[in-house]
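# Chains, contacts and geometry: an overview
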Amino acid sequence: MTESDIQILQKEIDAVIEKYNREDFINQDFEVYSKSFKETYFQNQNLHTNKRVCEVIGCKNITIKKSHTIPKSSILKNIVFEGHLLTPKFDSSDNHPKNIMSKIGINNASVFPGFCTKHEDIFKSFEIDGKIDNVNKALLQTFRTLCRERVYRENELEINKIIREKYKKKINSEAQESITKALSKYPQFENVKDIELKGIDSIIDSLSKLDSFLISPLEQIKIFETSIYSALLKLPTKDKLIIRVANFDTHLPVSICGIGNQVYLKDKVETDSYLLLNVMPRKDSTSVICVGLERDKLLIQNYIDSSFSNPLFLLNMIESFMVNGSDHWFVNPKFWETLSEVKQKKILYDILFTEDSHLDEYPISIFDDVRMYIISTLKKNINTRTEKITEFEKEIIDKEIKKIKSADYEIITDTNILAEKLWNRLQKH
Ligand SMILES: [Zn+2]
């Protein structure tokens, strides 16, 4: 190749790189890209139900396709309406970022390819009556929560990888087309066969951020898993667990099985703390399991102790977790219908745009009836005892009643502000 040929080539390559850096390629256009992103995302959803290797350490068996994280017959059946439940979901069909309630059949609610037929059996002990009345059962249920969360994230990462590869391929082929066209003016150059751009544009950058959002809890999830294994097998472990189980004497129309995250300063270092919550409604009672790590006790011990000291605080914990903790929960469609439309909208909005953590109190009452029931039971108990109602008790009851009456359902509608909120949330992890 002559010196001048090299110069021509260099010039055209620079022009393509510049075009890429200016994000002028068709595939870098946000609308073109988001269409392709959604397509690939939905085409690959089957990864979430493809069989894998069993999650139990040492087991090499292939899983069944759908393990329920929340027991179907003893728990989910108690909140089902005409075979369906509702769960919050991001509305990907709309250009305005929002959450909707999505209808899901009981056979698909909370399922993931987790365990082989043999190991599905280890959960049988409480699947029959759904009763969590000892620590072992609580640990088994929590273990299943962890496995689902990890498998979900691993599959989402895999889908992300497919999206990224597809995007890169499109960009490279656009670059190739562009160079071929530019060089066609010069007869001495044949068609360019292969080109690979290695830069980082805003799309690659946001995909990487999405990756780290999915990856960041995995390390801690592993610590939890090891600790639970050790606790179940009564082996010593350096990471002890904080485990609390409580039983409401009333039915809650929701089942939760998720992980909440809060970053805090521990010895001046930003540390992730995770809390696992399971809410398991039966016909006339509800079990609540909360598990955290003792290494985070500075942050969570008081919160957990206080939440489990009073049914109203426990209800607050559950409601905040639904909005600020995890969106992996299911409600009875009949119950959801009883909420006013503005309240439904506000709850779904808060789930998506919250800047609070699950440790903060949610100022809106989701379960008015349950809250009223607890308040009236508390009042009854106070009235039948000898000592009078304390200031503290009075304050709590007043605050909870105020929550039921409140109708402050303000939401922001400016798409730019909302997009920024979402972006901030993604980067917080
Ligand atoms: Zn197995």
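Residues numbered from 1 in each chain as written. Predicted model: local features only at pLDDT ≥ 70, side-chain atom pairs only at ≥ 80, totals over all residues.

## Observations concerning the overall build of the chain
In terms of helices and strands, the chain carries 14 helices and nine strands. Projecting the C-alpha coordinates of the chain onto the three principal axes gives extents of approximately 100 × 50 × 50 Å. Evaluated residue by residue, the chain yields a buried proportion of 28% over its 429 residues. Here the analysis covers contacts within the chain between residues at least 6 apart in sequence; of these, 76% occur between residues at least 24 apart. (Helix = DSSP H or I, 4+ residues; strand = E, 2+ residues; numbered from the N terminus. Buried ≥ 20, exposed ≤ 12 C-beta atoms within 10 Å, placed from the backbone. Contact = placed C-beta atoms within 7 Å.)

## Focus on the packing of helix α5 (residues 135–183) against helix α7 (residues 218–232)
It is the contact of α5 with α7, at a shortest axis distance of 10 Å, that shows an interaxial angle of 155°. The angle between α5 and α7 places the two elements in the roughly antiparallel class. Between α5 and α7 the crossing geometry is left-handed. Residue-level contacts link Asn136, Leu139, Thr142, Phe143, Leu146, Glu149, Arg150 and Arg153 of α5 to Leu218, Ile221, Phe224, Glu225, Ile228, Ala231 and Leu232 of α7. When the residues that make up the contact of α5 with α7 are grouped by side-chain class, the tally is nine nonpolar, two polar and four charged. (Axes fitted to C-alpha atoms, helices over the stretch in contact; angles between N-to-C directions. Parallel < 35°, antiparallel > 145°, perpendicular 65-115°, else oblique. Left-handed = near helix turned anticlockwise from the far one by under 90°. Nonpolar A, V, L, I, M, F, W, Y, C, P; charged D, E, K, R; others polar.)

## Considerations on the domain arrangement of the chain
By domain assignment, the chain separates into domain 1 (3–70 + 111–215) and domain 2 (240–428). Counting residues at the interface gives 15 residues for domain 1 and 15 residues for domain 2. Elements supplying a minimum of two residues to the side of domain 1 that touches domain 2: α5 and α6 (202–215). No other element matches α5, which puts seven residues into the side of domain 1 that touches domain 2. Residue classes in the side of domain 1 that touches domain 2 are distributed as seven nonpolar, five polar and three charged. (Domains from an automatic or database assignment.)

## Remarks on the pairing of strand β8 (residues 286–293)
In terms of residue burial, β8 counts as a mostly covered element, since seven of its eight residues are buried. With eight bridges connecting them, strand β5 (residues 241–248) and β8 associate as antiparallel partners. If you follow Arg244 over to β8, its bridge partner there is Cys290. Inspection of the sheet shows strand β7 (residues 269–281) paired to β8 by six bridges, in the antiparallel sense. Of the residues in β8, the one forming a bridge with Val279 is Val288. As consecutive antiparallel partners, β7 and β8 are separated by four residues. (Pairing = 2+ DSSP bridges.)

## Some details on the environment of Lys240
Structurally, the position occupied by Lys240 is in the loop between α7 and β5. When residues no more than four places from it in sequence are discounted, the contact partners of Lys240 are Ser227 and Glu294.

## Concerning the nonpolar core
Note that soluble globular proteins tend to have their nonpolar side chains buried in a common cluster. With 57 residues, the main nonpolar core has Val254, Ile256, Ile318 and Phe330 as its most contacted residues. Residues from two domains meet in this core; each of domain 1 (3–70 + 111–215) and domain 2 (240–428) gives at least three. Non-local contacts of Val254, meaning those with residues more than four positions away in its chain, are made with Ile79, Val279, Pro281, Met322, Trp329, Phe330 and Val331. Judged by nonpolar contacts, the second largest core, of eight residues, contains Ile163, Tyr167, Ile171 and Leu197. (Core = buried A, V, L, I, M, F, W, Y, C linked by C-beta atoms within 7 Å.)

## As for α7
Here α7 spans 21 Å end to end across 15 residues, near enough to the 21 Å set by a 1.5 Å rise per residue. Residues of α7 that are buried: Gln220, Phe224, Ser227, Ile228 and Ala231. Seen from one end, α7 has its buried residues packed into an arc of 100°, which puts them on one side. Within α7, the exposed residues directed more than 90 degrees away from the buried face are Glu219 and Lys222. Next to the buried residues of α7 lie α5, β5, β7 and β8. Positive phi appears at Lys234, one or two residues downstream of α7, with a value of about 55°. (Expected span 1.5 Å × (residues − 1). Arc of directions from axis to C-beta.)

## Structural notes on unusual backbone geometry
The phi dihedral of Lys234 is positive, around 55°, even though this residue is not glycine. Tracing the backbone shows Lys234 in the loop between α7 and β5. Phi is positive for Asp267, which is not a glycine, with a value near 50°. Along the chain, the position of Asp267 falls in the loop between β6 (254–266) and β7. Given 6 C-beta atoms within 10 Å, Asp267 falls into the exposed group.

## Side note on the packing of α5 against α6
The N-to-C vectors of α5 and α6 enclose an angle of 170°; their axes lie 10 Å apart at closest approach. Between α5 and α6, the interaxial angle falls into the category roughly antiparallel. Every residue of α6 that contacts α5 at Arg153, Glu156, Leu157, Asn160, Ile163, Arg164 and Tyr167 is listed here: Ile203, Leu207, Leu210, Asp211, Leu214 and Ile215. Taken together, the residues that form the contact of α5 with α6 break down as eight nonpolar, one polar and four charged.

## Focus: the environment of Ile195
Here Ile195 shows up in the loop between α5 and α6. For Ile195, a count of 17 C-beta atoms within 10 Å gives the class partly exposed. Along the chain, Ile195 and Ile13 lie 182 residues apart, while their C-alpha atoms are 9.9 Å from each other. Discounting chain neighbours no more than four positions away, the residues touching Ile195 are Asn172, Ala175, Gln176 and Ile179.

## Re the environment of Ile100
Secondary-structure assignment places Ile100 in strand β3 (residues 99–105). Each C-alpha atom, one on Ile100 and one on Lys345, is 8.3 Å from the other, the two residues being 245 residues apart in sequence. Those residues in contact with Ile100, other than ones at most four positions away along the chain, are Lys89, Asp91 and Leu348.

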